Amino acid sequence: DEGKGKVIDLFSEQFDIVARYQGGHNAGHTVWIGDRKMILKLIPSGILRPDKQAVIGNGVVIDPAALIEEMANLEAAGIQVAGRLFISSRAHVILPLHRMAERLSESRPDRAIGTTSRGIGPCYEDKIGRRGIRMADLIDAEEFTRSFEALAGDKEILRAAFNLGEPLDTAAIRDEYRAYGERLAPMVCDTSVLLNRAMDAGKRVLFEGAQGTMLDIDHGTYPFVTSSSAGAGGACTGTGVPPTRIDAVIGVSKTYITRVGGGPFPTE
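If you're wondering where the values come from, they're calculated on a predicted model, not measured in any experiment.

What follows concerns the overall build of the protein chain. When helices and strands are counted, the protein chain shows nine helices and nine strands. Relative to a compact globule of 268 residues, whose C-alpha radius of gyration would be 18 Å, the protein chain shows 18 Å and is just as compact. A burial count over the protein chain gives 45% of its 268 residues as buried. Summarising the internal contacts of the protein chain: among those between residues at least 6 apart in sequence, 74% fall at separations of at least 24. Split by element, the accessible area of the protein chain, about 13500 Å² in all, is 51% carbon and sulfur. Across the protein chain, the mean location of the 31 positive side-chain charges is 3 Å away from that of the 35 negative side-chain charges.

Attention shifts here to the packing of helix α6 (residues 141–161) against helix α7 (residues 170–184). Their axes nearest at 11 Å, the elements α6 and α7 cross at an angle of 145°. For α6 against α7, the interelement crossing comes out right-handed. Contacts from A141, F144, T145, F148, E149 and A152 in α6 reach T170, I173, R174, Y177 and R178 in α7. Here the contact of α6 with α7 is built from residues that sort into six nonpolar, two polar and three charged.

Following Y222, the chain continues to P223 via a peptide bond in cis, the omega torsion being 5°. As for its placement among the helices and strands, P223 is situated in the loop between β9 (205–208) and α9 (234–237). A positive phi is found at R130, a non-glycine position, where the angle reads about 60°. Considering the arrangement of structural elements, one finds R130 in the loop between α4 (120–128) and α5 (135–138).

Take the packing of aromatic side chains next. Scanning the model with the defined rule gives two aromatic pairs in all. A ring pair is formed by Y177 and Y180, whose centres lie 4.9 Å apart and whose planes are at 80°; its orientation type is edge-to-face. Remark: Y180 and Y177 occur in helix α7; sequence separation between them is three residues, near one turn of the helix. Side by side, Y177 and Y180 carry an identical accessibility label, which is buried. The ring centre of F15 lies 4.5 Å from the NZ or CZ of R204, which sits over that ring.

Rules behind the numbers
Residues numbered from 1 in each chain as written. Predicted model: local features only at pLDDT ≥ 70, side-chain atom pairs only at ≥ 80, totals over all residues. Heavy atoms only, no water. Helix = DSSP H or I, 4+ residues; strand = E, 2+ residues; numbered from the N terminus. Rg over C-alpha atoms; globule rule 2.2 N^0.38 Å. Buried < 20%, exposed > 50% of the residue type's maximum accessible area, 1.4 Å probe, protein only. Contact = heavy atoms within 4.5 Å. Areas by Shrake-Rupley, 256 points an atom, 1.4 Å probe, with all protein chains shown as cover. Lys, Arg positive; Asp, Glu negative; His and termini not counted. Charge placed at Lys NZ, Arg CZ, Asp CG, Glu CD. Axes fitted to C-alpha atoms, helices over the stretch in contact; angles between N-to-C directions. Left-handed = near helix turned anticlockwise from the far one by under 90°. Nonpolar A, V, L, I, M, F, W, Y, C, P; charged D, E, K, R; others polar. Phe/Tyr/Trp six-rings, centres within 6.5 Å; stacked < 30°, edge-to-face > 60°. Lys NZ or Arg CZ within 6 Å of the ring centre and 35° of its normal.

As structure tokens, then:
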């Protein structure tokens, strides 16, 4: 709520590339262009400037359906996305299976923390558990089918054990997400190489975080935190750019403290 998106938009004029490094489509970066209100949840705010490139780094988890919807909204507003947006092949994919798992966690009074219930946390869980599906897998139909069926089998055991409604139509989900993979494939690349080569060529990169420092998985008000490294250090792990290449860190502070979901106000 402190205005990160607005600050990114203001600063992006002086940069060539804007790169998101963590989080998912739980951001709500609001920028006004004249009388038009633009809300960006996944795509870096720099996309709003026509001469800038935008990168979604490996530290971000991506819901392809949400990404394609956001792309369509931008295109409808006259903002070109194709050819300007690049997606890390290492970024992990959020599936409806993850939203189902999050409903389970949030339905337990002893575990609920007030998440956005968009499947972001469970996707990061699968990433750390080394069973996740990455964008490189999503755009490879054969590999995606194999990985998806294995993951769907695990989630069905979970659904049945906790009686989470009717079984999901996994065949329909598989086909839907394979189509998303085909749509997004031209944008998927090794963005670590892209960013480092751009910096070698003298281009300036602005790294965009999506949550506050006190929501950082390690340094925040645990367990009332997000599932990624929201602090400045996440810019390196979330994009593959080494810390020696970071020239400056800028924080954005709120006049008074707010938070989304559960958890303490430390000075209350």
